[in-house]
Structure formats: structure tokens, C-alpha cells
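Chain by chain, the residues:
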Amino acid sequence: MALLNKKDAALIKDPLFDNNPITIQVLGICSALAITAQLEASIVMTFSVIFVLGVGNVVISLMRNIIPSKIRIIVQLIVVATLVIIVDLVLKAFAYELSKTLSVFIGLIITNCIIMGRFEAFALANGPWRSFLDGIGNALGYGVILIIVGFFRELLGTGDLLGLGQKLLGHPLLGNPIPGELSGLYKYGYENNGFMLLAPMALIVLGIVIWVQRSRNTSLIESH
Amino acid sequence: MEKKTDKNSYTIIFAIIMVIIVGGLLALTASSLKGKITANKEIEKKQNILYAMGINENDASNAKFITKDKVAVAFTKYIKKQLIIQGDDVKADDKAYLIDIKKEQAAIKNANYKRRFPLFLGKKEGKISYIVPIRGKGLWDAIWGFVSMDKNMVVQGVYFDHKGETAGLGANINQRFFMDDFIGEHLLDKNNKFKGIAVSKSNNDPKNNDKLDNEVDAIAGSTITGDGLAAMIYSELAPYASYFIALKN
């Protein structure tokens, strides 16, 4: 990236791979398990977190010298909550359909530990520009994992993917527009695995992602 | 020396100023957008009602409402009459769609209050359908919907929605593969008594060919949402049964 010097570029790049908030820091797991049953939900959540973390980091960074240390956590919480509520209201007024898709995630954004974690660990000690990059980087790192997990869960669990999956795999017996007719892979005995839709499978898919990442880069393996 | 920002007085003043700014900002945003949000909700409600009676833009497998700009015209075109049933009293009121079911459900805690039940009469291609709004509890939060019936309480179409059911599981109650199963289902049993429609995991009828069994096939992994939905259909539609029986006679 020619726009950014090496140190700044690392702020975006590190959280995507070697310092990923989910797979390495193990933050934000709860929402990663809860909402990844559908790819669309994962994507929407990714964009919401990019916005909230990017803007929130800048706001906290601008306020870093005037925030009283005793109540800094409360101040951080208020900033996240305010941002999220404003976004929610604006969406409800101007993009009602989208706000309905988002509704359930609003609460989850506020409780996302990555956001508080970045405020506390980075924005309170760095300038606005670097904080902004750090926010975007971490949100993207979070989103990449969400999208990977969401992709496998929706595809294998429901045989669908953003409403396109039936073109990939064919039509199962249930939910088939032509009753009584199987098509595509289903003709050869393939079946959807409903278990993929339940939370335990999210944990297992996430575990596989962590395994693949650590086996490719052994320096990430913690020694105990 | 103690830093300025560590002092108690500074902390308190900071907190007060922050609360005032944040409170003001939120109040300003909320009140300036309120009109638009209410309007959006009303449009959505009309879209739901029209969807249930079969006025929609569904493609092969996805549920789609008619577009926002067509709603007002379609609503006056297809919805012929709006009724409010209160006890034995039935009166026409073209603001019946504004009745808030949640408030009506809460109001009956007061024993003197007689709940108002809205009913919409739609007419499409000569066929009359009776559309009723319902509301109940899912796993995480409220679920609601609109059920369109003929005069024998046979379901003509439904629309369900939810506030926060699990994505990919309970949230699928607003998908066609689930909602379409209700079409043709009978709400009355064989003796013409109100029975409702159960959401069953074991009815041995996954393709829902049997329309007289008062059961539809459940969604895997969403037992509580499904049970809540069946309970909602039962408790919210039962009060209308006497109206339909009177209609028949």
C-alpha cells in the first residue's frame, strides 16, 4: 500500500492474519458463534462492526487526553452504545429493510469484546488516524473469519448460499419448487447436514480455521 | 502531582457533560426521525397484510413484498373493509390497521377492558379473504404475523415475522418453504371446532400433503420458535372463531 507507510499498513494487515482478533486473541467469539448460520448475516455484521469500530476508535482517540481514567470503561461503553443507536435509527428511517436484517445484531455489536478491547488497548494511547486504521483492520480480521465460518455453515447446513446455493448444489426434496423431484447433487444421495446450523458446529468450524492457520505458521502456536 | 483528569470533581463534571451531550444527541436524532420511522412501519404493516392475501411479488422461492410505492394504491384497491370486533360488537373502521396488538394484549390485564380485534376483508379476483393480525412470543423476542382465511377458516396465506429469532433457524419462519405450508390448512377440526395449527416435528408429513390434520412440519433446530408460533395461532385466532361461525349461519 503506497498510501500508508509500513507501520500503518501493519495496523491493517496484522489483525487480518497473524494477530487476528478471533483466532489469535480469541475475542468476539460469542457473536461469531451466534450469527454465522447464514452468510448474509455474517456480511451484514462485518460491515456494522467495521463502521462502529472505525468511528468509535477515532472518537475515543480524540477524547483520550480528557477521559477521566476512573470512568474510562463507562465512557467507552457510552460511545459504542450511542453510535449503534444512531446507526439503528438512521437505518430505520432510510433503509428500513436493511435495519430489519440488522435488528438482532445491534445488541451484539455493543457487547462485542473486540470493540471494547481495541478502545482500551489502542485508541486510548494512539492518535486518531492510527486508531482509525487499527479499528478497520481489526473489524476486517473479525469479518474474514465470520464470512469463512458463515460460508461453510450455510452451504453445508441448508444447501443454500445468499439465495444462490440451489444453483450450485441442486434442489433437495424439501423446499423444492417442483415437488417430488431431486436435482443436482441430491440425485446422487447428497444431503444437507442440519447439524451445521447449530452453535457447536460453529465452534468446530472455527477450530478448523485456527488449526489450518497455526499449521501454516507454526510461530503462532503458544508454548505452555 | 495528581493529574487533572484523576480528580473526583473533574470526573463528575466530565460525566455530567457527557450525559447531557449524548442524551441531547440521541433525543434529537430520535425525534427528528420519528415521523419517517412510523411511516415505514405503517407501510410494512400494509405490505404484510397484502402479502398474506396473496398480493406480493414472490419469485420461485423467495418471499417478496410489493414495492413501497405501490402499497398505498394496492391497499385501497384490495382491502374492501376493515372491521373492529369488540365483544359482540362489530363495526367498520378504516383505521383498524393502526390498532397495536401488543397494546391490546397488555390492556386486558384490566378486567373491565374488552379487547379490540381487527379484521380486514380483502377481495382478489372475486375471492373474499379475511385477514387477521396475530402476535406472540418466540424464543428470544416477539413474533407476529398475518393470517388470511376464507369463511370456513381455511388458511389462504400467511406472513410471519420476528424481532430476534436465531438467524438460519427460528428466523426462517418468514421464509416461503415454511409459510407456504400453511396454505390450505384447516384451522377448525373435523367437528367444526376451533383447533388451530400445530407446528409438529413428528407428523410424518414433511411435504404437508395432509391439509386436514391441523399440523404443519416444523423447522429443524427451532423447536421453541415453532411452539411459540403454534401457541400464537391458537390463542390469537380462537377469539375470532365465533365471528366465523356466526358468518356461516
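J.: Which residues make up the interface of chain B and chain A, and what are the values?
T.: Facing the 31 residues of chain B at the interface are 32 residues of chain A. Both sides of the chain B and chain A interface together cover about 2800 Å² of buried area, and 69% of this is carbon and sulfur. Of all residues in chain B, B:Phe14, B:Met18 and B:Lys207 give up the largest surface area on contact with chain A, accounting jointly for 17% of the area buried on that side. Counting the contacts that link chain B with chain A gives seven residue pairs in polar contact (both at pLDDT 80 or more). With 17 residues, helix 1 (residues 8-52) of chain B is the largest single contributor of residues to the side of chain B that touches chain A.

J.: With reference to specific residues and values, describe a nonpolar patch on the surface.
T.: Among the surface-exposed residues, A:Val144, A:Ile148, A:Phe151, A:Phe152 and A:Leu156 lie close enough to one another that they form a single nonpolar patch of about 350 Å² accessible area. On the secondary structure map, A:Phe151 appears in helix 7 (residues 128-158).

J.: I'd like to hear about the environment of B:Asp205, residue by residue, with values.
T.: Residues and elements named next belong to chain B. You can see Asp205 is positioned in the loop between strand 7 (198-200) and strand 8 (215-217). A relative accessible area of 9% means that Asp205 is categorised as buried. C-alpha of Asp205 to C-alpha of Asn110: the two residues are 95 residues apart in sequence and 42 Å apart in space.

J.: Could you give me a rundown of the pairing of strand 5 (residues 142-149) of chain B, with the residues and numbers involved?
T.: All names here are of chain B. By the criterion of burial, strand 5 is predominantly enclosed, with eight of the eight residues buried. In strand 5, alternate side chains face the same way, and those of Ala142, Trp144, Phe146 and Ser148 on one face and Ile143, Gly145, Val147 and Met149 on the other are all buried. Of the pairings in the sheet, the one linking strand 4 (residues 127-137) to strand 5 comprises eight bridges and is antiparallel in character. Opposite Pro133, over in strand 5, you have Phe146 as the bridge partner. Here strand 4 folds back onto strand 5, and the loop between the two strands holds four residues. In terms of strand pairing, strand 5 meets strand 6 (residues 155-162) through seven bridges, oriented antiparallel. Directly across from Ser148, in strand 6, lies its bridge partner Gly157.

J.: Got a sec to walk through the nonpolar core? Specific residues and values, please.
T.: Proteins that are soluble and globular tend to have nonpolar side chains buried together. Ranked by internal contacts, the top residues of the largest apolar core, which has 50 residues, are A:Ile22, A:Met45 and B:Phe14. Of all hydrophobic cores here, the second largest spans 38 residues; its members include B:Ile143, B:Met149, B:Leu229 and B:Tyr243.

J.: An account of the pairing of strand 1 (residues 79-86) of chain B is requested, with residue identities and associated values reported.
T.: All names here are of chain B. Both strand 1 and strand 3 (residues 116-124) contribute to a ladder of seven bridges, which runs antiparallel. Along strand 3, the bridge assignment pairs Gln86 with Arg116. With four bridges connecting them, strand 1 and strand 2 (residues 89-92) associate as antiparallel partners. Pairing of Ile85 across the sheet is with Val90, part of strand 2. In textbook terms, the turn of a hairpin is the stretch between consecutive antiparallel strands, and for strand 1 and strand 2 this stretch comprises two residues, one of which, Gly87, has a positive phi near 65°.

The rules behind these values
- Residues numbered from 1 in each chain as written.
- Chains lettered and ligands numbered in written order.
- Predicted model: local features only at pLDDT ≥ 70, side-chain atom pairs only at ≥ 80, totals over all residues.
- Heavy atoms only, no water.
- Contact = heavy atoms within 4.5 Å.
- Buried area = accessible area lost by both parts, 1.4 Å probe.
- Polar contact = N/O pair within 3.5 Å; in protein donor to acceptor, adjacent residues only side chain to side chain.
- Helix = DSSP H or I, 4+ residues; strand = E, 2+ residues; numbered from the N terminus.
- Patch = residues over 30% accessible without salt bridge, like charges linked within 9 Å, V, L, I, M, F, W, Y side chains within 5 Å.
- Areas by Shrake-Rupley, 256 points an atom, 1.4 Å probe, with all protein chains shown as cover.
- Salt bridge = Lys/Arg side-chain N within 4 Å of Asp/Glu carboxyl O.
- Buried < 20%, exposed > 50% of the residue type's maximum accessible area, 1.4 Å probe, protein only.
- Pairing = 2+ DSSP bridges.
- Core = buried A, V, L, I, M, F, W, Y, C linked by side-chain atoms within 4.5 Å.

These figures come from the coordinates and say nothing about function on their own.
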